[in-house]
Amino acid sequence: MGLFGGDSVIGLDIGTSSIKAVKMQATKGGWEVVAAARVPTPAGTLIDGQIADEEQLVPVLRQLLTRSAVRGSEVVAAVNYTAQVAVRRTTLPVMTPTALRKQLRANPEQFQINSGKEFATDFEVVSLQGEGEAAQMDTVIVSAPRTPVDSCLHLLERAGLDPIALDIEPFALMRSLVECKPAMLPMRSATAVLDLGAVHTDITVVRGPNYIFTRAIPFAGEGFTEVVRQAMQCSTAEAEALKTQVDLTWLLHDAEGRKETPEYQATVAIKPVLDDLLKEVRNSILFYQSQLPDEDLEGMVGAILLAGGTALMGGLAEYMQAAFALEVERADFTQGFAYSIAAGAPELVPDTAPLFALALGLAAKEPQDQASAAAAKAQLKAATKARPGKRRGQAAAPTATPTA
Ligand SMILES: Nc1ncnc2c1ncn2[C@@H]1O[C@H](COP(=O)(O)OP(=O)(O)OP(=O)(O)O)[C@@H](O)[C@H]1O
Ligand SMILES: [Mg+2]
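So, how was this worked out
- Residues numbered from 1 in each chain as written.
- Chains lettered and ligands numbered in written order.
- Predicted model: local features only at pLDDT ≥ 70, side-chain atom pairs only at ≥ 80, totals over all residues.
- Near = placed C-beta within 6 Å.
- Helix = DSSP H or I, 4+ residues; strand = E, 2+ residues; numbered from the N terminus.
- Nonpolar A, V, L, I, M, F, W, Y, C, P; charged D, E, K, R; others polar.
- Pairing = 2+ DSSP bridges.
- Contact = placed C-beta atoms within 7 Å.
- Axes fitted to C-alpha atoms, helices over the stretch in contact; angles between N-to-C directions.
- Core = buried A, V, L, I, M, F, W, Y, C linked by C-beta atoms within 7 Å.
- Buried ≥ 20, exposed ≤ 12 C-beta atoms within 10 Å, placed from the backbone.

## Examining the site of ligand 1
- By nearness alone, 22 residues border ligand 1, and Gly15, Ser17, Gly197, Gly221 and Gly309 come closest of all.
- Of all elements in the fold, only helix H5 (221-232) and helix H6 (236-243) reach the threshold of two or more residues within the shell around ligand 1.
- Among the elements that take part in the shell around ligand 1, H5 stands out by supplying three residues, more than any other.
- Class assignment of the residues belonging to the shell around ligand 1 gives a composition of six nonpolar, 13 polar and three charged.

## Re the sheet that holds strand S10 (residues 162-168)
- Pairing within the open sheet is mixed, and its six strands lie in the order S10-S6-S1-S2-S3-S16. Because the sheet does not close on itself, it has two edges, and the strands there are S10 and strand S16 (340-341).
- In this structure, strand S6 (residues 74-79) lies alongside S10, joined through six bridges in parallel fashion. When the sheet's bridge partners are listed, Val76 is paired in S10 with Ala165.
- Contacting strand S2 (18-27) and strand S3 (30-40), helix H1 (residues 54-64) runs over the sheet at an angle of about 35° to S2.
- Contacts from helix H4 (residues 169-179) reach S6 and S10 within the one sheet, and its direction differs from that of S10 by about 90°.

## Here's the deal with the nonpolar core
- Ala21, Leu306 and Ala307 are the most contacted members of the largest nonpolar core, which has 101 residues in total.
- At nine residues, helix H9 (residues 353-363) tops the list of elements feeding residues into this core.
- Setting aside its immediate chain neighbours within four residues, Leu306 contacts Leu194, Leu196, Ala311, Leu316, Ala317, Val328, Glu329, Arg330, Ala331 and Pro354.

## Here's the deal with unusual backbone geometry
- Backbone geometry at Asp48 places phi at a positive 50°, although glycine is not the residue there.
- In this structure, Gln233 is a non-glycine residue whose phi angle is positive, near 50°.
- By the element assignment, Gln233 lies in the loop between H5 and H6.
- By the C-beta count within 10 Å, which is 8 here, Gln233 ends up exposed.

## Points about the sheet that holds strand S12 (residues 201-207)
- With mixed pairing, the five strands of this open sheet are ordered in space as S13-S12-S11-S14-S15. At either end of the open sheet lies a strand with only one pairing partner, and these are strand S13 (210-217) and strand S15 (327-330). Neighbour-to-neighbour, the strand axes of this sheet turn through a mean angle of 20°, independent of strand direction.
- The pairing of strand S11 (residues 190-196) with strand S14 (residues 301-307) spans six bridges and is classified as parallel. Of the residues in S14, the one forming a bridge with Leu194 is Leu306.
- Contacts from H4 reach S11, S12, S13 and S14, with the element oriented near 55° to S12.

Purely geometric stuff here, so don't read any function into it on its own.
Written out as structure tokens, the structure is:
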């Protein structure tokens, strides 16, 4: 059952275009994904990823979280990745969470993180290595600007919700698309996970269970709608509808017979801006690969996963596959996922999986944290048994605390 007294948790992805919620429930057989729902975000309430109109968002959240399918109050939400978010991975001697918090406050420069009142810092112990005095903990440290963290927590609390944790968006996607997919974990090659939303595209490179980096590019679905609107001289609503009819594979094959159709013209209008975006994605992949040691050829990016609503654009995976000569797939958690997914939820299917992948990763934070806390406890117990009398204090268990 949930660490926080509840037996369910809701992953809440508050995006510029829509709010997505995925509910996981603790059952006797373990955690299960039970439902998902989505509502449009009122226009203007999120600007540049920041909450700009809490008044309008509160009733929308209240209504979403009282719908029967995703009813609940314990939520995990996320803040946007920005250049001010720092993620550091480091190996430290085993210490208590309180001791590590003190060290982070006293020596932020040692960890290359931002410090001061304007930043919130948190950490997670990924694993423990070695025994006794030599024991070390593999730790991920995150620091994020406090303003978006505080305004997100304030919004959730005003909506009557209980935020049990805040995450950063790329970690949530990595959780649903890599960490909770046992087949992905042993992979030696890296994977680029793209979150193609409404206003920003995030590229995150991961390698097996290891997060490498994220880069945020300030262009996504709304930009494509705008180029279609300009090319077709139509309204934004018409351009948005037309965008769902485009098929980028027409640009790869002979599209004779279609060229006069509005869908084809919209596809042609999208091409140059899409190519610019893909150039940025390619640069990020090349940057990562340039940092690999020469002998580490296995570490090259072997696949690209597409998440976010813009990943649903017709033919995008095929178009990118041709451009990158890499395996490119729409993100899908419905196959090979570590937790069972209730049959019959219309949103939890491959067609809409890219839209819900981030919310699912947030919902899975609590179950995953519980699993790693249990594993760390068992590991510590085994290590202590192996070396009686050598224990130097308690290991820091993975935390599931709010980032505030
Ligand atoms: N079938 C489709 N074809 C093309 N674009 C689509 C389709 N379905 C949704 N989109 C686009 O996906 C975008 C919304 O995606 P998503 O819900 O991931 O964004 P968001 O999380 O609300 O925004 P952000 O993360 O940028 O704040 C919109 O721009 C929408 O036009
Ligand atoms: Mg989003």
